[in-house]
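Now for the letters of each chain:
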Amino acid sequence: MITRDKLVIFDGNALVHRAFHALPPLTTKSGQMVNAVYGFTTILFRVLKELKPKYVVITFDLPAPTFRHQAFKEYKAQRIKKPQELYDQIPIIKEVVRAFNLPIYEQAGYEADDVIGTVSKIIYDEYPTLETMIVTGDLDTLQLVNDRTFVYTPKKGLGETVIYNEAQVYERYGLKPEQLIDYKALRGDASDNIPGVPGIGEKTGQELIKNFGSMAGIYQALAKKDEKLHLISPKIQELLKTYISEAELALKLVTIVRDVKLDFKLEDCELKQFDENKILKIFHDLEFKSLLAKVPELEKTLGLKSTLVLDRELTDTTTTKPVAVKNKIPQNYQLIDTEELLSGLIKYLSGIKELAVDTETSSLDPYTADLVGVSLCASVGEAYFVPVKLLSSKAGKKLIEILENKSIIKVGHNLKFDRAVLNHAGINLQPISFDTMIASYLLRAGSERTLTLDSLVFQEFGYRMQPIEDLIGAKVKEQISMDKVEISKVAWYAAEDADFTYRLAEKLNKELKEQKLVKLFNKIEMPLVPILGEMEKAGVKIDVEYLAQMNGELSIILKKLEKKIHKLAGREFNINSPKQLKEILFDELQISTAGLRSTKTGVSTAASELEKMRGLHPIIEELFEWRELSKLQSTYVEALPKLVSESTGRVHTSYNQTVAATGRLSSSDPNLQNIPIKGEWGKRVRQAFVAESGFVLLSADYSQIELRIVAHLAGDAKMIEVFKAGRDIHTSTAAFVFDVKPEEVTSDQRRSAKEVNFGVLYGMGAWGLAERTGLSRTEAQDFIKRYFQTFSGVASWIENIKLQAREHGYVETLFGRKRALPEINSSIVQVRNGAERMAINLPVQGTAADMLKVAMIRVAEKLSSQAPRVRMLLQVHDELVFEVPKADVQMLGEIIKMEMEQAVGLSVPIKVEVKVGENWGEMEVVNVK
């Protein structure tokens, strides 16, 4: 087998379109959409890495008309103009291409396909030792395939690819590559508005070309009345004769030109050293930090030199000479490995007002990890690393005093972790003043960008921090813990973290002031950090024996359900296998797939699709129950006992403060916010959460807080009246809409009103309401219309908030939390509609989240002085769960209820329901003032 060098031709426009539609909207912090740039660059990386070409060509269409438009005015006339967000990204993509020193070929009057055809012909004719690979999302180029020219195309989205050679073209179409031109001319091409011969579709076209070799062969047979004409029906013969001029025009339009006059030189296309400075700048501007990290690897794969990796050598501890690095950022990092040096550092730190702190640990569990050392920075470019062994020395104790000094502002990145680690080592880090991760989160709420320190530093400064893999190893299975790394190597890495955290804090603090987010940051987000830390540390007690018993019961029930499902299916199969389930439901049981969503592997069997199949076969109901119980068993009943800490006997979750764009807290490892509330088994899982002996669990839950916030924000007189009168909002809504007395409202009417109260606010339309309530589409539409007539203030507020979002590009909560919505003015309907839903959601759900945080801070402050034995354990949706002494339930219930209800003043009363119980699943309402 001959191994040839490769020339790869990228079909720029085709790949841009594919990337734009394959990826969700991806924007920079300034709101610039870059999803097509990211997708195109990802394809570029993958192809270069996989094919390792010696030569590369990039082609693009030019906006001017081509010879095809001159020959046929209707050419591509039916095409709808793509969103402007797509076209705006093409110049950026060309910048990326030029940064990689790749040549761009485009020619006025011709399409990129013609340039591709010309280049591939030059290579085939003049360079017999080369083969050509055409990378495109458009299969028109399959006509160019031969023994040394291939087409490489994404198959699904951007994930899978397929390479077409002559055999694969024939396998797909039953034709040779060059015959595709005639085939396409006969049947036409709707995507390009080329009519072809009416009445000739794919099957007829294929048969004609197979039997006669080409379009010319067909017309020769017609002219000579060849004996093979019996293979063509009289009707088709007549059509071919009638539309001969259309067929000839179509042939001209579909044929890729291969003799475009190009100033093509092969040597210009040879892969050469990338322009790393340009790449660094462009990727920094586009915030493509993850892609930048792949550049050195790609250069290595292609046999190119890379200078992007910075040389880092720890500064000599006896000198202040800065390390010289490529980007000219001064970095004086020192390892403090003697008590004498530590005494000097203490002296240097005396009188400072602000200190950046970062910890290095043996693991990522702050409650079990061993402290390796602490890095400190009090001035840009100067940072120090102190190994843990020195903290027990005389000078080390003075350093601890600095860490615990309330008058010195402490800065960090993910300070909750550092606080917990130091606390575990006996050090009380305080005050927790400025967390760069939280500041970045507030400034970029809703952005999909990662908030890791190295990503933020790259985005803000264009600087690549040392990856941790340099120290612990790249391969996960072979990685070592940080306490096993040579201390001098840890020192640079750790000092760099502290230095750039300090730099980042300076920059972000200015931005917080500019965006008027300082109050939200200082009064809500930062005071919450130690409270969440204490909640995580406290954990919650789990009744392991109870869960073991429950697991046994579930196993028996699931086994019975499995047998029942297999009996209904007619045979045994793996219920967990989507492939086998599809075979059972759609092939063997013949359940209709009408209206069901399709995936890459066929018709979906997700819960949302099974819902549509209810009533079509008894097996569906059993599958629902089996899935629900199986998930409950694996996610909680079996998993929770394994997560009980050996040292505390409790389960410790992590509260994430920087995930949800609305400001809501989330819970992970394990997620205690997703435990089912409804249903017998969900309640039983909650019963496993118990109080310590002598204590009970106390739950305080905001009542309909989001609807109360809506009433306040919208100033809707009717809704405010309902809440002030203490009436049930859903019953009152149904009474207003259906024009009946409240006592005459049926359960179905109340249910419909409840769905609208919550759903319409977040963009639920008539179709969604109909699906959730059983109403007809017309009834649902009428209900929504009457709803907004009833609550006209809410209707006006919704329209006004969308208008504000369009004008200002963002929305905010009562507390000033902002979410940028650059997509609100998108020309893509689905994107714009999604942004409008977010515009309505943020002020409501975000304000509720802020209120709960304020309440947590108020309650924590009050209880720390009056009831220190109380522990705040859980935050779930609008609910707080505490562990309180049995004897103090009434007093504590009153304090908690009062602090939560007075967290913020609204134009409607705020109500908190207090419940108490031995476990979380069996709680009774307690009447407190």
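Residues numbered from 1 in each chain as written. Predicted model: local features only at pLDDT ≥ 70, side-chain atom pairs only at ≥ 80, totals over all residues. Heavy atoms only, no water.

> An account of the overall build of the chain is requested, with residue identities and associated values reported.
Looking only at helices and strands, one finds 38 helices and 26 strands in the chain. When the backbone C-alpha atoms are referred to their principal axes, the chain occupies close to 110 × 85 × 55 Å. Sequence-distant contacts in the chain: of pairs separated by 6 or more residues, those separated by 24 or more amount to 67%. On the chain, roughly 43,000 Å² of surface is accessible, and the fraction owed to carbon and sulfur atoms is 50%. Of the side-chain charges in the chain, 122 are positive and 126 negative, and the distance between the mean point of each set is 1 Å. (Helix = DSSP H or I, 4+ residues; strand = E, 2+ residues; numbered from the N terminus. Contact = heavy atoms within 4.5 Å. Areas by Shrake-Rupley, 256 points an atom, 1.4 Å probe, with all protein chains shown as cover. Lys, Arg positive; Asp, Glu negative; His and termini not counted. Charge placed at Lys NZ, Arg CZ, Asp CG, Glu CD.)

> I'd love a proper account of the pairing of strand S9 (residues 371–379), names of residues and values included.
The side chains of a regular strand alternate between the sheet's two faces. S9 sits mainly inside the fold: eight of its nine residues count as buried. The sheet contact formed by strand S8 (residues 354–361) and S9 spans six bridges and is antiparallel. Looking across to S9, one finds that Glu360 is bridged to Gly373. With five bridges connecting them, S9 and strand S10 (residues 382–387) associate as antiparallel partners. Within S10, the position partnered with Val374 by the bridge is Val386. Where S9 hands over to S10, the hairpin turn is made up of two residues, of which Gly381 adopts a positive phi near 90°. (Buried < 20%, exposed > 50% of the residue type's maximum accessible area, 1.4 Å probe, protein only. Pairing = 2+ DSSP bridges.)

> How would you summarise a negative patch on the surface if you had to cite specific residues and measurements?
A surface patch of negative charge is lined by Asp263, Glu267, Asp268 and Glu270. Of note, Asp268 is situated in the loop between helix H12 (244–254) and helix H13 (276–286). (Patch = residues over 30% accessible without salt bridge, like charges linked within 9 Å, V, L, I, M, F, W, Y side chains within 5 Å. Salt bridge = Lys/Arg side-chain N within 4 Å of Asp/Glu carboxyl O.)

> Now, about the sheet that holds strand S11 (residues 409–412): what can you tell me, with residues and values included?
Strands sit in the order S7-S10-S9-S8-S11-S12 across an open sheet of six strands; the sheet is mixed. Because the sheet does not close on itself, it has two edges, and the strands there are strand S7 (332–335) and strand S12 (432–435). Neighbour to neighbour, the strand axes of the sheet diverge by 30° on average, direction disregarded. Contacting S7, S8, S9 and S10, helix H16 (residues 339–349) runs over the sheet at an angle of about 135° to S10. (Axes fitted to C-alpha atoms, helices over the stretch in contact; angles between N-to-C directions.)

> Explain the pairing of S10 to me, using residue names and the numbers behind them.
The element S10 is largely enclosed, with a buried count of five among its six residues. Sheet analysis places S7 next to S10, joined by four bridges and oriented parallel. Across the sheet, Leu335 pairs through a bridge with Phe385, a residue of S10.

> Please give an account of the sheet that holds strand S19 (residues 689–690) that cites residues and values.
The strand order across the open sheet formed by three strands is S16-S13-S19, and the pairing between neighbours is antiparallel. Looking at strand neighbours, the two that pair on one side only are strand S16 (650–651) and S19, the edges of this open sheet.

Purely geometric stuff here, so don't read any function into it on its own.
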